[in-house]
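Reading the structure
Below are the chains, spelled out letter by letter.
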There are 2 protein chains.
Amino acid sequence: MNSLTEENYLKALFNIANETGEVNVAELSKRLEIKMPTVTSMMKKLSEKKLVHYESYKPLQLTDKGKKEAGLIIRKHRLTEMFLVDKMKLGWEDVHDIAEQIEHIQSPVFFEKMDELLGYPKVDPHGSPIPDKNGKVVWKEYNKLSDCKVGETVKLAAVINTSSGFLKFLNTREMRLGLKIKIKSIEAFDKSITVSYGKHQAEALSNIVCERLLVEKQ
Amino acid sequence: MNSLTEENYLKALFNIANETGEVNVAELSKRLEIKMPTVTSMMKKLSEKKLVHYESYKPLQLTDKGKKEAGLIIRKHRLTEMFLVDKMKLGWEDVHDIAEQIEHIQSPVFFEKMDELLGYPKVDPHGSPIPDKNGKVVWKEYNKLSDCKVGETVKLAAVINTSSGFLKFLNTREMRLGLKIKIKSIEAFDKSITVSYGKHQAEALSNIVCERLLVEKQ
DNA sequence: GTAATAAGTTAGAGAAATCTAACAAAATTT
DNA sequence: AAATTTTGTTAGATTTCTCTAACTTATTAC
Ligand SMILES: [Mn+2]
Ligand SMILES: [Mn+2]
Ligand SMILES: [Mn+2]
Ligand SMILES: [Mn+2]
């Protein structure tokens, strides 16, 4: 059994590896807001437990065992987020902080019931894939809205940044996952994009926003 | 903010006081499965935080502040149990261990939503009262089934022992809260009681069982 | 009312998770 | 290639929560 602290390290290792490929002590330290010497000693501990491959000055790597355990924690996190949105009617901007806590609950039956009630969902409310019961996760290849061309019609599939602030911004524009979006024009100067969707005929979105919206081409 | 450990001490103090009136170090130590010297030092700490009145060799007492905080944790516990049974379709014998963990979740909105979805319940699945938003709890006066007379018809209102084993036993006899039970006879020798209810015409219940069943007279 | 037992405290130590200060290695810049 | 900066490690201390051993106080038994 891993402690809550160890679980948070595993999850961070898994997430950073999925985002940037390689994980180093400095990045992990920044992500967890824990000083580097503390991270180093935890890496030694997780190495003892065969969850991490650790060698001084080398990039950090989860073992297969570590990947599986991390995947299962993320599974609990994302199932929880889905449950909170679908069954408890909380906003997608409110669920992350609660899921950060509930992901550590030890109770297979609790999460199996969640999964069942939700109808075995494949993605969470932010479009992130839910790892399977072996902790395995398959990422679909999406495009950033900022990489699309004028005239294309795309479907909003996922959001990269899941900060409450960003999600609340999307709420004000009535943007939801599954939304069909048409690219009307792109401003060369600042790469902002004007799109139309639903009742919105011409909504201007900054490049910063468009880089955080993942879409599927139709 | 109190730590998870502190919360568990507060809750135990509250529960023991409600069961037996007075709380002493030995009882608290037994309940929490923590050695007495550890309990003593935690009492000093909680006393510092104005949550417990502590004097050497005197009975332990929660302050008003301590009672409120304990009541609010128990509120979260019992709301959770109700949610797990009513909304997640888990058995009343399965929910306590999960609630023991979820009661420590920090998220007012999460528990308010639970309360709302449940329609502001007053009791949990075991018949225990749910403290209000100020941590206040009012116990109804129930009778033990073992104290009833032959010929009386009573309603099952609560169970005292909420161990999974006892609740599974009640399941095998199809006994639920709200059930109307008629006392048919009492065996003088061992104080076992024969009752009828639902489809059950004559079910013999040992005194040990009857002492754990709280009923309301009709 | 003394002896035995139970309950409670003090003292000291250990595990887990964190920190700061100082040093060492690696990468980057010039 | 030397200097500088970034990254990572070691050493030692701190906080929280726990324990055991030894001692003290209170209660119960005789
Ligand atoms: Mn999340
Ligand atoms: Mn998510
Ligand atoms: Mn319970
Ligand atoms: Mn209960």
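Residues numbered from 1 in each chain as written. Chains lettered and ligands numbered in written order. Predicted model: local features only at pLDDT ≥ 70, side-chain atom pairs only at ≥ 80, totals over all residues. Heavy atoms only, no water.

Moving on to the domain arrangement of chain A. All names here are of chain A. Looking at chain A, the domain boundaries give domain 1 (4-62), domain 2 (72-139) and domain 3 (143-217). Each of domain 2 and domain 3 has a C-alpha centre, and the two are 25 Å apart. Facing the six residues of domain 2 at the interface are eleven residues of domain 3. Carbon and sulfur atoms supply 67% of the area buried between domain 2 and domain 3, which totals about 770 Å² over both sides. The largest share of the area that domain 2 buries against domain 3 comes from Trp92, Glu93 and His126, three residues that together contribute 75% of it. For the pair domain 2 and domain 3, the number of links is zero salt bridges. Along the contact surface separating domain 2 from domain 3 lie three residue pairs in polar contact (both at pLDDT 80 or more). (Domains from an automatic or database assignment. Contact = heavy atoms within 4.5 Å. Buried area = accessible area lost by both parts, 1.4 Å probe. Salt bridge = Lys/Arg side-chain N within 4 Å of Asp/Glu carboxyl O. Polar contact = N/O pair within 3.5 Å; in protein donor to acceptor, adjacent residues only side chain to side chain.)

Bringing the packing of helix H1 (residues 4-20) of chain A against helix H3 (residues 36-48) of chain A into the picture now. Residue and element names in this part refer to chain A. Two elements in contact, H1 and H3, have axes separated by 11 Å at closest approach and are oriented at 95 degrees. Put simply, H1 runs roughly perpendicular to H3. Along the contact surface, H1 presents Thr5, Glu6, Tyr9, Leu10 and Leu13, while H3 presents Thr38, Val39, Met42, Met43, Lys45 and Leu46. (Axes fitted to C-alpha atoms, helices over the stretch in contact; angles between N-to-C directions. Helix = DSSP H or I, 4+ residues; strand = E, 2+ residues; numbered from the N terminus. Parallel < 35°, antiparallel > 145°, perpendicular 65-115°, else oblique.)

With that settled, consider the protein's contact with DNA strand D. The local shell around DNA strand D holds 20 residues, among which Ala26, Lys44 and Tyr54 of chain A together with Ser3 and Lys45 of chain B are the closest. Per the 4 Å cut-off to the protein, sugar and phosphate atoms form 71% of the nearby atoms of DNA strand D. Ala26 of chain A places a polar main-chain atom, nitrogen or oxygen, 2.6 Å from a phosphate oxygen of DNA strand D. For the surface near DNA strand D, the elements supplying multiple residues, two or more each, are helix H2 (25-32) and H3 of chain A together with helix H1 (4-20) and helix H3 (36-48) of chain B. (Near = heavy atom within 4 Å.)

Glancing now at the nonpolar core. Counting residues in hydrophobic clusters, the biggest one holds 30 residues, and the most contacted among them are Ile102 and Phe110 of chain A together with Ile102 and Phe110 of chain B. For this core, the secondary-structure elements that each account for two or more residues are helix H4 (64-86), helix H5 (95-102) and helix H6 (108-118) of chain A together with helix H4 (64-86), helix H5 (95-102) and helix H6 (108-118) of chain B. (Core = buried A, V, L, I, M, F, W, Y, C linked by side-chain atoms within 4.5 Å. Buried < 20%, exposed > 50% of the residue type's maximum accessible area, 1.4 Å probe, protein only.)

What follows concerns H1 of chain A. All names here are of chain A. Spanning 17 residues, H1 covers 24 Å between terminal C-alpha atoms, matching the ideal 24 Å at 1.5 Å per step. If you follow the buried residues of H1, they end up packed against H2, H3, strand E1 (52-53), strand E2 (61-62), H4 and H5. Positive backbone phi, at 85 degrees, marks Gly21, one or two positions downstream of H1. (Expected span 1.5 Å × (residues − 1).)

What follows is about the interface of chain B and chain A. Taken together, the 18 residues of chain B in the interface contact 18 residues of chain A. Interface area, chain B with chain A, both sides summed: about 1500 Å², of which 78% is carbon and sulfur. When the buried area of chain B at its contact with chain A is split by residue, Met88, Gln101 and Phe110 of chain B rank highest and sum to 35% of it. For the pair chain B and chain A, the interface holds zero salt bridges. Across the contact surface, chain B and chain A share two residue pairs in polar contact (both at pLDDT 80 or more).

Tracing the backbone shows Asp115 of chain B in helix H6. Residue contacts for Asp115 of chain B: discarding those within four places in its chain leaves Arg75, Leu79, Tyr120, Pro121 and Lys133 of chain B.

This part is about the pattern of salt bridges. Inspection of the entire model under this criterion finds 25 salt bridges over all chains. Of the charged contacts, one joins Arg31 of chain B and Glu19 of chain B as a salt bridge, the two residues approaching to 2.7 Å between their closest N and O atoms. Residue Arg31 of chain B is found in helix H2 (residues 25-32), and its partner Glu19 of chain B is found in helix H1; the two are separated by twelve residues along the sequence. Accessibility expressed as a relative area gives 34% for Arg31 of chain B, which makes it partly exposed. Judged by its relative accessible area of 52%, Glu19 of chain B falls in the exposed class. A salt bridge links Lys217 of chain B to Glu152 of chain B, with the nearest nitrogen and oxygen atoms 3.1 Å apart. Of this pair, Lys217 of chain B sits in strand E8 (residues 213-217) while Glu152 of chain B sits in the loop between strand E3 (143-144) and strand E4 (153-159), and the two are 65 residues apart along the sequence. If you follow the salt bridges from partner to partner, you end up with Glu6, Lys45 and Lys49 of chain A in one network.

On to the sheet that holds E4 of chain B. The pairing of strands in a sheet happens through backbone hydrogen bonds and is either parallel or antiparallel. All names here are of chain B. Strand order in this open sheet of six strands is E3-E8-E4-E5-E6-E7, and the pairing throughout is antiparallel. The outermost strands of the open sheet, each flanked by one partner alone, are E3 and strand E7 (200-205). Inspection of the sheet shows strand E6 (residues 193-197) paired to E7 by four bridges, in the antiparallel sense. In the strand pairing of E7, Thr194 is matched with Ala204. (Pairing = 2+ DSSP bridges.)

All names here are of chain B. Protein coordination at the manganese ion (ligand 4): the donors are Glu81 (OE), Asp124 (OD) and His126 (ND1), at 2.2 to 2.4 Å from the metal. All donors to the manganese ion (ligand 4) come from one chain, and their sequence spacing reads E-x42-D-x1-H. Here the manganese ion (ligand 4) and the manganese ion (ligand 3) are spaced 3.5 Å apart, linked through Glu81, which binds each one. Here Glu81 is found in helix H4, whereas its partner His126 is found in the loop between H6 and E3, with 45 residues between them in sequence. Both residues of the pair, Glu81 and His126, count as buried. (Donors = N, O, S within 2.8 Å, 3.2 Å for Na, K, Ca; no water.)

Before going further, it helps to examine the protein's contact with DNA strand C. The environment of DNA strand C is made up of 22 residues, and the closest members are Lys45 of chain A together with Ala26, Thr40, Lys44 and Tyr54 of chain B. Of everything in DNA strand C that lies within 4 Å of the protein, sugar and phosphate atoms constitute 73%. Within the side chain of Tyr9 of chain A, one N or O atom sits 3.4 Å away from a phosphate oxygen of DNA strand C. In the model, a phosphate oxygen of DNA strand C is placed 3.0 Å from a nitrogen or oxygen of the Thr38 of chain A side chain. Taken together, the elements giving at least two residues each to the surface near DNA strand C come down to H1 and H3 of chain A together with H2 and H3 of chain B. Counting residues per element, the surface near DNA strand C draws most heavily on H3 of chain A, at five residues. Among the residues forming the surface near DNA strand C, the class breakdown is eleven nonpolar, seven polar and four charged. (Nonpolar A, V, L, I, M, F, W, Y, C, P; charged D, E, K, R; others polar.)

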